[in-house]
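# What the coordinates show
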Amino acid sequence: MGFAIVPDGLPFGLTLHERGMSTPLKSAPTRAGASARAAPRRGAPRRAAPPAVGFVSLGCPKALVDSERIITELKLRGYEIAPDYARADLVVVNTCGFIDSAIDESLAAIGEALDQNGRVIVTGCLGVNPERIRERHPKVLAITGPHATEAVLAAVNQHLPQPHDPYLDLLPPQGIRLTPRHYAYLKISEGCNNKCSFCIIPSLRGLLASRPLDAVLREAEMLVRGGVRELLVISQDTSAYGSDLKYAPVPWRGEQRATRFIELARSLGELGVWVRLHYVYPYPHVDAVIPLMSAGRILPYLDIPFQHASPTVLKRMRRPAHAENTLARIQQWRRECPQLTLRSTFIVGFPGESEADFELLLNWLDEAQLDRVGCFKYSHVAGARANELDGAVPDEVMAQRYARFMERAAGISSARLSRRVGQRCQVLVDRVQGGEAVARSAGDAPEIDGVVRLPASAATRPGEFVNVEIISADTYDLRARLVN
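Quick summary incoming for the structure in this document. (Residues numbered from 1 in each chain as written. Predicted model: local features only at pLDDT ≥ 70, side-chain atom pairs only at ≥ 80, totals over all residues. Heavy atoms only, no water.)

With 13 residues, helix H6 (residues 213-225) extends 18 Å from end C-alpha to end C-alpha; this agrees with the ideal 18 Å at 1.5 Å per step. Buried within H6 we find Leu213, Asp214, Ala215, Val216, Leu217, Glu219, Ala220 and Leu223. (Helix = DSSP H or I, 4+ residues; strand = E, 2+ residues; numbered from the N terminus. Expected span 1.5 Å × (residues − 1). Buried < 20%, exposed > 50% of the residue type's maximum accessible area, 1.4 Å probe, protein only.)

Next up, the structure:
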């Protein structure tokens, strides 16, 4: 657990981890000797250094957006964001509380911050259970729940009074972001109405609360004006967007547009940047977005958390849309949009999962031929209804099934990527290191999917689109060469 550097150049403390994926998100490298206090400009009035807040952020991209909002508001109020524990007057830890391993990691992060700094405010999903935090760490200054920006700011101000400084630099209109300049997460809603038996998100983040369409689009436009080349749409259930608002129409660009999933996709597709949809449940109305992908309006990419294929297991999971014939839907989508990339995550070892259920899942995977797959072993989650189910799968059986699943998924990934050798495509460069550019195609979401590697050149600057030819493939990544 450590402090890192905001890609935009702003020093801050950050550690990221993505839940439910096969690979954790990577932390940015620590910059040795980074200064939390910039030297005053020549001729500017000399002033005392403002109070500095350190930040550690754990969890999913939705939590990352919460962290971005808190840091933006702290900067607006005149606080510095410290690059390490030593230069922080206080540390905020944004926690994850979804599964037991995430809770353990969050508690460890709080402990590290207390050891290294001593003054800690806790926020995020684990904050809905303050007793568990204080039982382990009674010295924390304050605890709030998730998406509680104002409560965090009030706690910071209470323990580290807000500075008054008329010489503060103005923030960029898009606020402070914790991603590289060229991509950003766009959160369209909070909470979830689904009642999945293994999940406690509704108790952590509440029921679905969609943002009005015009508010989402104004933020998206602002991000694009600030240099963002890719928007990653996130929520707990993207395809349910607007249902809580009864799809209320809002004025946008001279017409009324409904606060609805398809209108969101269509409107974002007008901005001229990559638009990637995450956390989409396979409801029937999702079919309407495929033509937008075929037409190049939004990326041909769907992140759909199928979780399993056995009807029996899905029913015990209480998954929405579990009765849909997903294989037929996938085949239909690919007929309409052959370049479509499908990503999903799955749970193995769910209570009651039989060997027949697991074999059905493997056979389904063979037929579905998903491009990107993550898997995790079922984990007990305090407060989840699945804890009451019988038929617990032994740990050794669960581990075997996980290994078999990942081996099957790796073979599918390798075969599908090998078909791309010789093809040409556009990629977005994320970074350049050691003479090599690391980029992504339309089928690769940042941090959770594969990458495209190619020799660095003057054209391969981070945030730039370049055209490449794929020259080789391995299990998850591609190699390419630059073409005109």
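Having seen the structure, we can now continue with the description.
Turning our attention to the environment of Val438. Here Val438 lies in strand E19 (residues 436-440). With a relative accessible area of 0%, Val438 lands in the buried category. Here the alpha-carbon distance between Val438 and Arg453, two residues 15 residues apart in the chain, equals 4.8 Å. When neighbours within four sequence positions are excluded, Val438 is seen to be in contact with Val429, Asp430, Arg431, Gln433, Val451, Val452 and Arg453. (Contact = heavy atoms within 4.5 Å.)

Attention shifts here to the packing of aromatic side chains. All told, the structure shown has 8 aromatic pairs when counted by the stated rule. Note on Tyr183 and Tyr185: the rings are 6.4 Å apart at their centroids and 85° apart in plane angle, and the pair reads as edge-to-face. Accessibility classification places Tyr183 together with Tyr185 in one group, the buried group. Aromatic side chains Phe198 and Phe350 sit 6.3 Å apart centroid to centroid with 80° between the ring planes, which places their arrangement in the edge-to-face category. Residue Phe198 is found in the loop between strand E9 (189-190) and helix H5 (201-205), and its partner Phe350 is found in the loop between strand E16 (341-348) and helix H11 (355-368); the two are separated by 152 residues along the sequence. Take Phe198 and Phe350: they sit in the same class, and that class is buried. Aromatic ring contacts, followed pair by pair, group Phe306, Phe346, Trp364 and Phe405 into a single cluster. The positively charged end of Lys62 is found above the aromatic ring belonging to Tyr279, 3.8 Å away from the centroid. (Phe/Tyr/Trp six-rings, centres within 6.5 Å; stacked < 30°, edge-to-face > 60°. Lys NZ or Arg CZ within 6 Å of the ring centre and 35° of its normal.)

Function cannot be inferred from these measures alone, as they are strictly geometric.
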